[in-house]
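# Reading the structure
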Amino acid sequence: MPYTVEITTLAAQVDGEERPARLYQLPDPFSTLAEAKEAAVTHIAGLGLDPSCVLYNVFDREGFTVASNAEQMAGSG
């Protein structure tokens, strides 16, 4: 089953510059849920932003959310 990953970044200041919030999908589908989650975590690590300001959601082919880091983010505040 193909999985897609959606990334949401909050508005943030990076090097004194205001960056607006963004919402986008990673370009490739993933074969397994584990691959999709790993790709999300790797992508977030490469953004240069505080990971607590970046949300990921993994969707199955029907568009249902099957994984997210939203619970982790809620627990960190």
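Let us look at the structure shown here. (Residues numbered from 1 in each chain as written. Predicted model: local features only at pLDDT ≥ 70, side-chain atom pairs only at ≥ 80, totals over all residues. Heavy atoms only, no water.)

With that settled, the discussion passes to the overall build of the protein chain. When you go through the protein chain residue by residue, the secondary structure sums to 2 helices and 6 strands. Order of helices (α) and strands (β) in the protein chain, N terminus to C terminus: β-β-β-β-α-β-β-α. Against the 2.2 N^0.38 benchmark of 11 Å for 77 residues, the protein chain shows a C-alpha radius of gyration of 13 Å, consistent with a compact globule. With the C-alpha coordinates aligned to their principal axes, the bounding extent of the protein chain is approximately 40 × 25 × 20 Å. Taking all 77 residues of the protein chain together, 30% fall into the buried category. Sequence separation of 24 or more characterises 47% of the internal contacts of the protein chain that already satisfy a separation of 6 or more. Accessible area for the protein chain stands at about 5000 Å²; split by element, carbon and sulfur atoms hold 54% of it. (Helix = DSSP H or I, 4+ residues; strand = E, 2+ residues; numbered from the N terminus. Rg over C-alpha atoms; globule rule 2.2 N^0.38 Å. Buried < 20%, exposed > 50% of the residue type's maximum accessible area, 1.4 Å probe, protein only. Contact = heavy atoms within 4.5 Å. Areas by Shrake-Rupley, 256 points an atom, 1.4 Å probe, with all protein chains shown as cover.)

Let's shift gears to the nonpolar core. Residues V5, I7, L26, F30, A36, Y56 and V58 are the most contacted members of the largest nonpolar core, which totals 16 residues. Elements with a minimum of two residues in this core: β1 (4-9), α1 (33-45) and β5 (54-59). Here the element with the most residues in this core is α1; it accounts for 4 residues. Aside from chain neighbours lying at most four places away, what touches V5 is Y24, Q25, L26, F30, A36, A40, N57 and V58. (Core = buried A, V, L, I, M, F, W, Y, C linked by side-chain atoms within 4.5 Å.)

With that settled, consider the environment of L47. In this fold, L47 is placed in the loop between α1 and β5. Separated by 38 residues in the primary sequence, L47 and T9 have C-alpha atoms spaced 9.6 Å apart. For L47, the contacting residues outside a window of four places in its chain are T9, R19, Y24 and V54.

Tallied over the entire structure, the rule returns 1 salt bridge. Among the salt bridges present, the one from E62 reaches R61, with a minimum N-O distance of 3.3 Å. What makes E62 partly exposed here is its relative accessible area of 49%. (Salt bridge = Lys/Arg side-chain N within 4 Å of Asp/Glu carboxyl O.)

Let us look at the sheet that holds strand β6 (residues 65-68). Through backbone hydrogen bonds, the strands of a sheet pair up, either in parallel or in antiparallel fashion. Here 4 strands make up an open sheet; going across it, the order is β4-β1-β5-β6 and the pairing antiparallel. Either end of the sheet is taken by a strand with one partner, and the two such strands are β4 (22-25) and β6. With direction set aside, neighbouring strand axes in the sheet form an average angle of 20°. Across 3 bridges, the pairing between β5 and β6 is antiparallel. (Pairing = 2+ DSSP bridges. Axes fitted to C-alpha atoms, helices over the stretch in contact; angles between N-to-C directions.)

What is shown is where atoms sit, not what they do.
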